[in-house]
Amino acid sequence: MTARAPRIRVQRRPVHGVLLIDKPLGLSSNQALQKAKWLLRAEKAGHTGTLDPLATGVLPLCFGAATKFSQLQLDAPKTYHAVARLGVTTSTGDAEGEVLAERPVPPEALSPERLAAVQRQFTGPIAQVPPMHSALKKDGRALYEYARAGIEVERAPRNVEIFELNLAPALDAYTYPAINIVVKCSKGTYIRTLGEDIGAALGCGAHLTFLRRIETGGLGLAACVTLDALEAMDEEARLACLAPTELLLCGQPRIELGANEAGRFLSGLRRRGAWPDAPAVAVFGLAPAALLGAGHVVAGELIPDRLLSPVEIEQILKSTPSAASAGILEMI
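What you are looking at is a predicted structure, and each value in this text was computed from that prediction instead of being measured.

A. Spotlight on the environment of glutamate 235. The residue glutamate 235 is located in helix α7 (residues 235-240) in this model. Given a relative accessible area of 32%, glutamate 235 falls into the partly exposed group. Non-local contacts of glutamate 235, meaning those with residues more than four positions away in its chain, are made with Arg13 and Arg41. At a separation of 3.2 Å, a polar atom in the side chain of glutamate 235 contacts the side chain of arginine 13.

What follows is the structure, encoded as structure tokens:
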């Protein structure tokens, strides 16, 4: 019997920040996360919304302190590019499933007038029935578990919103009639279901043959790195790919506090100031410059919501060569 090579034990360490991954085809979001976590030797990590193994594209990964703000990306609007083959419906709504029906594609289905009408039909608030092949749970089990067992359960429609939708004629990889779908949508939107519903509205049915997330919460493909590229880097270059935690708060008003006020805020105390009301703000210390957390403002009162710990702030400052070592941490 051949002896197994000993497993290399990875020495984990605190890592803080956001890594934008261009998730490859065939990996689940969790598999991509675990690979990046291993490459960075990170202690704590999480992703910000599931992409199917058959989907590629923008997947923000949060490390350390950034995991406290991952919900912001989960709730953010997302933009996808999909290709739907017309005339064929499948059990999963994509090319992995069994063919359920084949119908001819009427020539008028791809006319500019018909596509424009369907585009209007699916823009704005719409209701979707979640697909059976999804991670949504019913009675403690994921829907895809029922589907794999050949059981179909009743699913209530869910309200989502399509902010922007563009449909254009195309040919898929096998030169079958297809449409390009570019959609900006709210969280919880199932793009496979959208493709199926658009195909039904065109009178011929459809299933997705391609799906790529091109943007989420203002974060796009141009800032992403592939797992292969990350693996080819040395450790210092990998860490340099991390964006600071405040990237997740970039759309929020910024409040800056001096050392005394920052220390009290980090202790969970409300602060008073001449700030306008805001449902969400990013709060920074000034001495040294450091993210403290997130909060909201009501009637001039800054109320903490999510706070970094003094240990996390110290670790972030130590990993930033230009940061000063004295200031807000001494006030806690």
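Text resumes after the structure shown.
B. The arrangement of helix α9 (residues 310-318) in detail. Among the residues of α9, those classed as buried are Glu312, Ile313 and Leu317. Axial view of α9: buried residues confined to an arc of 130 degrees, hence all on one face. Where α9 is buried, its residues touch α8 (259-266) and β17 (289-298).

C. Summary view of the packing of aromatic side chains. Applying the stated criterion across every chain yields a total of 0 aromatic pairs. Positioned above the aromatic ring of tyrosine 176, the side-chain terminus of arginine 85 is 3.5 Å from the ring centre. Over the ring of phenylalanine 284 we find arginine 254; its NZ or CZ atom is 3.7 Å from the centre of that ring.

D. How the structure looks around the sheet that holds β17. Taken in spatial order, the 5 strands of this open sheet run β14-β16-β17-β18-β15, and their pairing is mixed. Among the strands making up the open sheet, the edge pair consists of β14 (254-257) and β15 (271-272). In this structure, β14 lies alongside strand β16 (residues 278-286), joined through 4 bridges in parallel fashion. If you follow isoleucine 255 over to β16, its bridge partner there is valine 283.

Rules used throughout
- Residues numbered from 1 in each chain as written.
- Predicted model: local features only at pLDDT ≥ 70, side-chain atom pairs only at ≥ 80, totals over all residues.
- Heavy atoms only, no water.
- Helix = DSSP H or I, 4+ residues; strand = E, 2+ residues; numbered from the N terminus.
- Buried < 20%, exposed > 50% of the residue type's maximum accessible area, 1.4 Å probe, protein only.
- Contact = heavy atoms within 4.5 Å.
- Polar contact = N/O pair within 3.5 Å; in protein donor to acceptor, adjacent residues only side chain to side chain.
- Arc of directions from axis to C-beta.
- Phe/Tyr/Trp six-rings, centres within 6.5 Å; stacked < 30°, edge-to-face > 60°.
- Lys NZ or Arg CZ within 6 Å of the ring centre and 35° of its normal.
- Pairing = 2+ DSSP bridges.

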